[in-house]
There are 2 protein chains.
Amino acid sequence: MSQPDAKRVKTDEPSYELIYWPSAPGRGEPVRLLFEEAGVPYVDTAKDPGQAAETIQGLMAADHLGDDSNPPVFAPPLLRHGDLLINQLPNILLYLAPKLGLAPAAGPAVYHLNAIVLTLLDGFVNELHETHHPIATSQYYDDQKPEAKKRSKSYREERLPRFLGYAQRLLDAKTSGDGPWLYGGSLTYADLVLFQGIHGTRYAFPKTVEKLQKSGKYDGVFALFEAVQERPNIKAYMESDRRVGYSQGIWRYYPELEE
Amino acid sequence: MSQPDAKRVKTDEPSYELIYWPSAPGRGEPVRLLFEEAGVPYVDTAKDPGQAAETIQGLMAADHLGDDSNPPVFAPPLLRHGDLLINQLPNILLYLAPKLGLAPAAGPAVYHLNAIVLTLLDGFVNELHETHHPIATSQYYDDQKPEAKKRSKSYREERLPRFLGYAQRLLDAKTSGDGPWLYGGSLTYADLVLFQGIHGTRYAFPKTVEKLQKSGKYDGVFALFEAVQERPNIKAYMESDRRVGYSQGIWRYYPELEE
């Protein structure tokens, strides 16, 4: 599934291209996990950092008006598939999941899973980002450190337990079905989103997550994390150089935010 | 479309029920605007404040596990339609819009509109809420006022112009088609979301929005606002007692946050 292999695959289906910032997993990562679990080739713009930055800056420019069939976009990640270009992470996942066999294509499950994924992204991505940038995305972390400490405290003590509790409730519910999965008795893209959410949050707040894990209140959530981690395609991906390390993105490690 | 009328409508279609907190428009409001524009009856739980609070607290309880066919939910708004119960505002809109004639049911437009709506909700709802609660949703505004002033400054000076600029780019793009609308040459639910976003943001930051309007950079956005406001069903709704006034919800007016 490396880029050269991807380009050698012959098929009538147009290829998938993920457009995202290089050098941190960020909001591109759930998209990558869907492709990797499904074993479906994709082009990852972030692998060519110069090209990625140029492409993204062009698409986000104040005078960029999209093209004949696609409206302008606000921010990455973006997905290109044939003539279609779309943005917004939960939207990209909604589009991809049924095509990759990771969600039903119609019926109530579409809306149940979309609600679950939107909520997991709120808790483990959007609100987590606020912990180190509660005042302004455009300013340095060091310039908003006192506020980041306060926001982190409420995240660690109130919000994170509440989102973990929600995930555990999903697992305890009848709708989770058999096995370790969130919904419908089989692996879906929601499980991959939760896996990345826990993985990133554990990197950012290791002591907090360890303490919450040891509380025994969220055993199903951590069992799901392990089950995703052991999926052969996910395991191979996490050990490959396609998986980018954490740095100055959504999930950052500032020890003072756990004090 | 008052509640008694709604209950008298005879049809094989199950009725729609919006479940949301009473006493502020909040995240329930875009859902109401879809029903009102479409002229489709709906039951609005918020109209019975005691009942609404009890229903919501039950559904959000730490031991609530959904039912046989619906997973537990995190927070309102919720939509009940027959046996289906779903939450997450953009998810509810995605479900309703094609049924109410406010979006196509299939094809690229589904994903283009979902991306537009997710971005508008980020800019005019989610980030706006952060301006008065940048530290903790669970704490009083008065206990986070200094941080709220800083966050509001970056919202007013950076984020709000950027989101307005995005909406204007959508209108300037080929994909907006004819007329004042964001996408595809006819009114969609995205236009209703932008209308409420501007309406609420103007309430919260009146001087800022007036200044941005007078800059002439976003004339299309404010023309769209006027066009939605003049829709007969929207106009009748806004003048009715079904429209709740702003109070201590998402959109609040604190003059000190504009200083």
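Residues numbered from 1 in each chain as written. Chains lettered and ligands numbered in written order. Predicted model: local features only at pLDDT ≥ 70, side-chain atom pairs only at ≥ 80, totals over all residues. Heavy atoms only, no water.

J.: Would you mind going over the overall build of chain A with me for this structure?
T.: The secondary structure content of chain A amounts to 10 helices and four strands. Listed by position from the N terminus, the elements making up chain A come as α-β-α-β-α-β-β-α-α-α-α-α-α-α. Relative to the compact-globule value of 18 Å for 259 residues, chain A shows a C-alpha radius of gyration of 18 Å, a close match. If you line up chain A on its principal axes, its C-alpha atoms span 50 × 50 × 35 Å. The buried share of chain A, taken over its 259 residues, is 57%. (Helix = DSSP H or I, 4+ residues; strand = E, 2+ residues; numbered from the N terminus. Rg over C-alpha atoms; globule rule 2.2 N^0.38 Å. Buried < 20%, exposed > 50% of the residue type's maximum accessible area, 1.4 Å probe, protein only.)

J.: Sorry, what's going on with the packing of helix α2 (residues 29-38) of chain B against helix α7 (residues 189-204) of chain B here?
T.: Two quantities define a packed helix pair, namely the angle between the axes and the distance from one axis to the other. Residues and elements named next belong to chain B. Relative to each other, α2 and α7 sit at 130°, their axes nearing to 9 Å. The angle between the axes of α2 and α7 places the two elements in the oblique class. Judged by the twist between their axes, the crossing of α2 over α7 is right-handed. Facing α2, whose interface residues are E29, P30, L33, L34 and E37, α7 presents Y189, L192, V193, F195 and Q196. Split by residue class, the contact of α2 with α7 holds seven nonpolar, one polar and two charged. (Axes fitted to C-alpha atoms, helices over the stretch in contact; angles between N-to-C directions. Parallel < 35°, antiparallel > 145°, perpendicular 65-115°, else oblique. Left-handed = near helix turned anticlockwise from the far one by under 90°. Contact = heavy atoms within 4.5 Å. Nonpolar A, V, L, I, M, F, W, Y, C, P; charged D, E, K, R; others polar.)

J.: Please explain the relation of the copies chain A and chain B as it appears in this structure.
T.: The pair of chain copies shares a relation made of a rotation about an axis and a shift along it. Rotating chain A by 180° and translating it 0.0 Å along the rotation axis places it on chain B, where the RMSD comes to 0.0 Å. Overall, the copies show the geometry of a two-fold rotation axis. Judged by C-alpha distance, P134(A) is the residue of chain A that lies nearest the rotation axis, at 2.9 Å. The share of interface residues of chain A whose copies in chain B are also at the interface is 100%, consistent with both copies meeting through the same surface. (Least-squares fit on C-alpha atoms with pLDDT ≥ 70 in both.)

J.: Help me understand the environment of Y189(B), please; the structure alone is not making it clear to me.
T.: Residues and elements named next belong to chain B. Relative to the assigned elements, Y189 resides in helix α7. Sequence separation between Y189 and P98 is 91 residues; the distance between their C-alpha atoms is 9.1 Å. Those residues within four positions of Y189 in sequence are excluded, and the remaining contacts are L34, L93, L94, A97, L102, A103, L113, N114 and V117.

J.: What's the story with the UniProt feature "domain: GST C-terminal" (unreviewed entry) in chain A in this structure? I'm lost.
T.: Under the local residue numbering, the UniProt record ascribes the feature "domain: GST C-terminal" (unreviewed entry) to residues 110-257 of chain A. Taken end to end, residues 110-257 of chain A comprises 64% helix and 0% strand; its first and last C-alpha atoms sit 37 Å apart. (UniProt positions renumbered as here; feature names shortened; annotations may be inferred.)

J.: Even after reading the chapter, I still don't get unusual backbone geometry, so can you show me in this structure?
T.: For residues that are not glycine, phi is negative in most cases, and the peptide bond is trans in most cases. All names here are of chain A. The linkage connecting P76 with the following residue, P77, adopts the cis geometry, with an omega of 5°. Looking at the secondary structure, you find P77 in the loop between α3 (49-60) and β3 (78-81). With phi around 75°, Q88 is a residue other than glycine that occupies positive phi space. Among the structural elements, Q88 can be located in the loop between β4 (84-87) and α4 (89-99).

J.: Would you explain the sheet that holds β4(A) in this entry?
T.: In a beta sheet, neighbouring strands are held together by backbone hydrogen bonds and run either parallel or antiparallel to one another. Residues and elements named next belong to chain A. The sheet built from four strands is open, its strands ordered β2-β1-β3-β4 with mixed pairing. If you trace the sheet from one side to the other, it starts and ends with β2 (42-44) and β4, each paired once. When the angles between neighbouring strand axes are averaged without regard to direction, this sheet yields 20°. Inspection of the sheet shows β3 paired to β4 by four bridges, in the antiparallel sense. Its bridge partner lying in β4, H81 is registered against L84. Along the sheet face, helix α2 (residues 29-38) touches β1 (16-19), β2 and β3 and points at about 150° away from the line of β2. Relative to the sheet, α4 contacts β1, β3 and β4, its axis offset from that of β4 by approximately 130°. (Pairing = 2+ DSSP bridges.)

J.: Explain the pattern of salt bridges here, please?
T.: When the charged atoms of two side chains lie near each other, side chains of opposite charge can form a pair. Counted by the stated rule, this structure contains 32 salt bridges over all chains. Residues K145(B) and E256(B) are paired through a salt bridge, measuring 3.8 Å at the closest nitrogen-oxygen approach. Taken together, the positions of K145(B) in helix α6 (residues 145-172) and E256(B) in the segment after α10 (232-239) put the pair 111 residues apart, joining distant regions of the chain. The class of K145(B) is partly exposed, set by a relative accessible area of 27%. According to the relative accessible area criterion, E256(B) is buried, its value standing at 18%. The closest approach of N and O atoms between E230(B) and K235(B), which form a salt bridge, is 3.7 Å. For E230(B), a relative accessible area of 46% corresponds to the partly exposed category. Here K235(B) falls in the partly exposed class, since its relative accessible area comes to 36%. Via salt bridges that share partners, E29(A), R32(A), D44(A), K47(A) and R243(A) belong to a single interconnected network. (Salt bridge = Lys/Arg side-chain N within 4 Å of Asp/Glu carboxyl O.)

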